[in-house]
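Understanding the architecture of this molecule
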Amino acid sequence: MSAIRDSEAIRPPQSAGGGRSAWQRLRRNNNARKLVACIIGALVAAVITGPSGSVSHPTAGFTGALFHPRVIVFLVLGVLLWLAMVGRETLSENIKTVTAPISMARTRWLGDPKVRYSLYAALLIFAIIYPRSLSSFWQGVLVDQIGVYVLLAIGLNVVVGFAGLLDLGYIAFYAIGAYSCAYWTGALPIKPVFHLNPFVSIVFAVAAAMIAGVILGAPTLRLRGDYLAIVTLGFGEIITIYANNLQSVTGGAGGTNVVPHLSVNLLGLKYHWKLDSLPYYYLLLVFVVAILVMFRALENSRVGRAWTAIREDEVAAEASGVNTFKYKLLAFAMGASTSGFAGVLFASKVQTLYPSSFALTESILILVLVIFGGMGSLPGAVLGAAVLQWLPQFLRGKINQADLFLYLGALLIIMMIFRPQGIWPSRRRARELAMAEAGLTEADAVSGPTAGEVQ
Amino acid sequence: MSVLLQLSDVQVRYGAIAALKGVTVEIGAGEIVALLGANGAGKTTTLRTISGQLHPHEGRIFFEGRRIDGLPAHEVVGLGIGHSPEGRRIFPRMSVLENLQMGAYRFGRARKDDLDRVFALFPRLLERRTQDGGTLSGGEQQMLAIGRALMSRPTVLLLDEPSMGLAPLLVQQIFDIIREINEQGTTVLLVEQNAVQALSIAHRGYVLETGSIVMSDAASSLLVDPRVRAAYLGEGAA
Ligand SMILES: Nc1ncnc2c1ncn2[C@@H]1O[C@H](COP(=O)(O)OP(=O)(O)OP(=O)(O)O)[C@@H](O)[C@H]1O
Ligand SMILES: [Mg+2]
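Anyway, here's the lowdown on the structure attached to this text. (Residues numbered from 1 in each chain as written. Chains lettered and ligands numbered in written order. Predicted model: local features only at pLDDT ≥ 70, side-chain atom pairs only at ≥ 80, totals over all residues. Heavy atoms only, no water.)

**Looking at the overall build of chain A**
A count of helices and strands for chain A gives 20 helices and two strands. For chain A, buried positions account for 44% of its 455 residues. In chain A, of all internal contacts separated by at least 6 residues, the share reaching a separation of at least 24 is 72%. Carbon together with sulfur atoms contributes 68% to the accessible area of chain A, which is approximately 23900 Å² in total. (Helix = DSSP H or I, 4+ residues; strand = E, 2+ residues; numbered from the N terminus. Buried < 20%, exposed > 50% of the residue type's maximum accessible area, 1.4 Å probe, protein only. Contact = heavy atoms within 4.5 Å. Areas by Shrake-Rupley, 256 points an atom, 1.4 Å probe, with all protein chains shown as cover.)

Put into structure tokens, the structure is as follows:
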């Protein structure tokens, strides 16, 4: 008897005082809290994107943003975001009913090799013809912003998407490739042992990037995934700091001397790349297609299976006879050399290298491109890089340039809420996320589930 | 009977902790040998050391007369030692078929007759061959783990607690299948908590206690040994 009375005593008192309990109820209400958060977020966004204050009107940034009709637009957007969050379940159900037939058609369609190859051919023809009609500004974007980053994303996709290794210093290999090219073509303050044509320097630069990858990977790839992320992060920083501070070698923050444009003079084939972007674009296209074909073949080979197994469960992969260290190192070295290769093309295109092109944010950007496109998916990496690199250029002049990252950040957040698998996910990645949603495994951006020692 | 796998005075440490303190075990070709012991005795450590995931700090391991204790795990598989690890560790996002193909990785691709053999032993896997490994039931995952290890055509199969977490009926079935695998010519080293059932299909058995072998005998003798019965069957102390 007394036990029952005790347990009743523990129960919290029923509504004590009207006003307070309403406030508490509101505080406990998840949806109401989300609404408040969205509105605050909207106001913050309004202030950030609004006018800036000055010495004479220090509060103008706030008053100009909050007491101006445009704040209504932000509030509406905030409420819409709240609705999207609250109605996420029903919304994604609805989206699924709309997109299910499309994705089914996609798999059935693309499953047919004839359709798939005709689609690839059509895309390739489009990629050859379309840029000719673009303005020279967009042709430049196509090379500097899109083409080079497509190459970088494809390379990082092998490391992160295929083998599941988180490389946060990926840009370092790009820097090594670019500065190697500058070295061999005589554009650095220190003079090379012998001068090379930039085209020939590709071999040396790619080798340098690959060797750097192996030197960095060999000791760290024996460790677990998280260590690799930290080591590569540090390595990326070291390289940028060197590029900045080793003035006598790299030219420092002032940049390198002029790297000559590419030229070939081989077996009667003579060509000189110039300021015009289009020839660079076609060169990139050739290499991107060649590398895509190569990586696709690898993905479907024994090597690709080894990478998948490593990503899924490294111990089980080893126990199945996969030399996990070798394949991890291979993925890492392939990513590094692709990155180094992109660096050479970049160097000879822009001609002057500055350390700021190789900052940590660039490594993160490339990772974002890969995740946005669809981790582990080659078409995804291409699409992700193309879309996300095109967008800022497209928005140029349409929005306040200072707010660019606000919009891109919002896009990424919305994308990760509604389509975490990316634009064009790999088949397996889509399965991973479906299983994670069903609570069977965990899915994070990079590694597979870490099946514990204990079951 | 020729000795197929031999551990002589094997010592293994995890940092400063000695997990195996001189284990000597011999497994003859064609045998089923049971390795029994309480939780934390070092059974899993023994299997992982044999398959090259751990390396002994002292002692030697011979397989078919060849010293293997320094070899990396992927090479040990290539010699013909298959390991179905504790906790199954199947590839969760690969289909059943892909999991089995991974087991045959040392050959490049799965051979048809190996697949047929696994599907004959575990018809359930054939039914579920396109299903993702991670969505299988616990018992099915265990079958897949054993099947995957068989795909490498092992001469000796190391099984770490194949009956863990299974319903009694399924436990019996798994033990019958282990016997069948053995009758088809594969030597088996079986780690088990289910002492009676393990000893009833085994030829010989070893008892491991905090890193040392304390008993070894024919399975039939261990089964009636009062000390074993006291320790594993909860019968009154000897
Ligand atoms: N990675 C590790 N690091 C440190 N100690 C470990 C590690 N793995 C196992 N041990 C210790 O080594 C001893 C033997 O462990 P092992 O896993 O071999 O036992 P087991 O006989 O398989 O037990 P169980 O029946 O519970 O599976 C235990 O004391 C355990 O705590
Ligand atoms: Mg164990």
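**Structural notes on a nonpolar patch on the surface**
A contiguous nonpolar patch, built from Ile39(A), Leu43(A), Ile72(A), Val73(A), Leu75(A), Val76(A), Leu77(A), Val79(A), Leu80(A) and Leu83(A) and spanning about 800 Å² of accessible area, is present on the exposed surface. Here the element with the most residues in the nonpolar patch is helix α5 (residues 70-86) of chain A; it accounts for eight residues. (Patch = residues over 30% accessible without salt bridge, like charges linked within 9 Å, V, L, I, M, F, W, Y side chains within 5 Å. Salt bridge = Lys/Arg side-chain N within 4 Å of Asp/Glu carboxyl O.)

**Some points on the site of ligand 1**
Residue and element names in this part refer to chain B. Taken together, 13 residues lie around ligand 1, and Lys-43, Thr-44, Thr-45, Glu-86 and Gln-193 are the ones closest in. Between an oxygen atom of ligand 1 and a side-chain N or O atom of Asn-39, the distance comes to 2.8 Å. Gly-40 has a polar backbone atom sitting 2.8 Å from an oxygen atom of ligand 1. Relative to its unbound accessible area of 630 Å², ligand 1 is 63% covered by the protein chains. For the shell around ligand 1, the element with the highest residue contribution is helix α1 (residues 43-50), accounting for three residues. Considered class by class, the residues forming the shell around ligand 1 number four nonpolar, six polar and three charged. (Near = heavy atom within 4 Å. Polar contact = N/O pair within 3.5 Å; in protein donor to acceptor, adjacent residues only side chain to side chain. Nonpolar A, V, L, I, M, F, W, Y, C, P; charged D, E, K, R; others polar.)

**So, a positive patch on the surface**
Residue and element names in this part refer to chain A. A cluster of like positive charges, contributed by Arg-27, Arg-28, Arg-33 and Lys-34, occupies part of the molecular surface. Of all the secondary structure elements, the ones that give two or more residues to the positive patch are α2 (18-28) and α3 (30-49). Structurally, the position occupied by Arg-28 is in helix α2. Assessed through its relative accessible area of 65%, Arg-28 is described here as exposed. (Lys, Arg positive; Asp, Glu negative; His and termini not counted. Charge placed at Lys NZ, Arg CZ, Asp CG, Glu CD.)

**Remarks on the coordination of the magnesium ion (ligand 2)**
Distances from the magnesium ion (ligand 2) to its protein donors, Thr44(B) (OG1) and Glu86(B) (OE), fall at 1.9 to 2.6 Å. You can see Thr44(B) sitting in helix α1 and its partner Glu86(B) sitting in the loop between β6 (81-84) and α3 (96-103), a full 42 residues away along the chain. (Donors = N, O, S within 2.8 Å, 3.2 Å for Na, K, Ca; no water.)

**A few points about the packing of helix α9 (residues 171-184) of chain A against helix α16 (residues 324-350) of chain A**
All names here are of chain A. Packing of α9 against α16 leaves a shortest axis separation of 6 Å and a crossing angle of 45°. With respect to their mutual orientation, α9 and α16 come out oblique. Two packed elements cross with a definite hand, and for α9 against α16 that hand is right-handed. Note on element contacts: α16 touches α9 through Phe-332, Ala-336, Ser-339, Gly-340, Ala-342, Gly-343, Val-344, Phe-346 and Ala-347, opposite Phe-173, Tyr-174, Gly-177, Ala-178 and Cys-181. A breakdown of the residues in the contact of α9 with α16 according to their chemical character gives ten nonpolar, four polar and no charged. (Axes fitted to C-alpha atoms, helices over the stretch in contact; angles between N-to-C directions. Parallel < 35°, antiparallel > 145°, perpendicular 65-115°, else oblique. Left-handed = near helix turned anticlockwise from the far one by under 90°.)

**Considering helix α14 (residues 302-312) of chain A**
All names here are of chain A. Of all eleven residues in α14, nine are buried; the element is thus mostly enclosed. Every buried residue belonging to α14 is among Val-303, Gly-304, Ala-306, Trp-307, Thr-308, Ala-309, Ile-310, Arg-311 and Glu-312, and all of these are buried. Where α14 begins, one side-chain oxygen reaches toward the backbone nitrogen of Val-303, 3.1 Å away; that side chain belongs to Ser-301.

**As for the nonpolar core**
Counting 98 residues, the largest nonpolar core has Phe173(A), Trp307(A) and Phe358(A) as the members making the most contacts within it. A per-element tally of this core places helix α8 (residues 136-162) of chain A first, with 16 residues. If we ignore the near neighbours within four places in the chain, the residues touching Phe358(A) are Ile171(A), Tyr174(A), Ala175(A), Ala178(A), Tyr179(A), Thr240(A), Phe346(A) and Leu353(A). Grouped together as the second largest cluster of nonpolar side chains are 43 residues, Ala145(B), Leu150(B), Met151(B) and Ile178(B) included. (Core = buried A, V, L, I, M, F, W, Y, C linked by side-chain atoms within 4.5 Å.)

**Thoughts on the pairing of strand β9 (residues 204-209) of chain B**
Residue and element names in this part refer to chain B. With five bridges joining them, strand β3 (residues 32-37) and β9 adopt parallel strand pairing. Bridge pairing in β9 links Val-33 to Arg-204. A loop of two residues connects β9 with strand β10 (residues 212-218), the two strands running antiparallel in sequence, and Thr-210 in this loop sits at a positive phi of about 35°. (Pairing = 2+ DSSP bridges.)

**Observations concerning the environment of Phe173(A)**
All names here are of chain A. As for its position among the elements, Phe-173 is in helix α9. Its relative accessible area of 0% is what places Phe-173 among the buried residues. Placed 32 residues apart in sequence, Phe-173 and Ala-205 show a C-alpha to C-alpha distance of 9.6 Å. Apart from residues lying up to four places away in sequence, Phe-173 is in contact with Asp-167, Ala-209, Ala-212, Gly-213, Leu-216, Phe-235, Phe-332, Ala-336, Ser-339 and Gly-340.

**A short note on the sheet that holds strand β8 (residues 187-191) of chain B**
All names here are of chain B. Overall, mixed pairing links the six strands, which are arranged β6-β7-β8-β3-β9-β10 in an open sheet. Looking at the sheet topology across the chains shown, the edges are occupied by β6 and β10. The average angle at which neighbouring strand axes cross in this sheet is 15°, direction not considered. The strands that α1 touches are β3, β6, β7 (156-160), β8 and β9; relative to β7, the one it contacts most, it runs at about 150°.

**Let's talk about the pattern of salt bridges**
Per the stated rule, a full pass over the model turns up 13 salt bridges over all chains. Note that Glu312(A) and Arg93(B) form a salt bridge whose closest N and O atoms lie 2.9 Å from each other. With Glu312(A) in helix α14 and Arg93(B) in the loop between β6 and α3, this residue pair bridges two chains. For the pair Glu312(A) and Arg93(B), one class covers both residues: buried.

**Looking at α5(A)**
Residue and element names in this part refer to chain A. The end-to-end C-alpha distance of α5 is 25 Å, a good match for the 24 Å that 17 residues give at a rise of 1.5 Å each. For α5, the complete set of buried residues consists of Val-71, Phe-74, Gly-78, Trp-82 and Ala-84. Buried residues of α5, viewed axially, fall in a sector of 160°; they line one side. (Expected span 1.5 Å × (residues − 1). Arc of directions from axis to C-beta.)

**Considerations on the sheet that holds strand β2 (residues 17-28) of chain B**
Residue and element names in this part refer to chain B. The strand order across the open sheet formed by four strands is β2-β1-β4-β5, and the pairing between neighbours is antiparallel. Each edge of the open sheet carries a strand with a single partner, namely β2 and β5 (66-67). Its contacts with the sheet place α1 against β1 (3-14), β2 and β4 (58-63), and it is angled at close to 115° to β1.

**A few points about the packing of aromatic side chains**
Residue and element names in this part refer to chain A. A full pass over the atoms with the stated rule returns 17 aromatic pairs over all chains. Ring geometry for Trp-184 and Phe-204: centres 4.9 Å apart, planes at 50°, overall tilted. One end of the pair, Trp-184, is in helix α9; the other, Phe-204, is in helix α10 (residues 198-220), with 20 residues separating them in the sequence. Residue classification places Phe-204 among the partly exposed residues on the basis of a relative accessible area of 34%. One aromatic cluster in this structure is built from Tyr-174, Tyr-179, Phe-346 and Phe-358. Between the NZ or CZ atom of Arg-116 and the centre of the ring of Tyr-117, over which it lies, the distance is 5.7 Å. (Phe/Tyr/Trp six-rings, centres within 6.5 Å; stacked < 30°, edge-to-face > 60°. Lys NZ or Arg CZ within 6 Å of the ring centre and 35° of its normal.)

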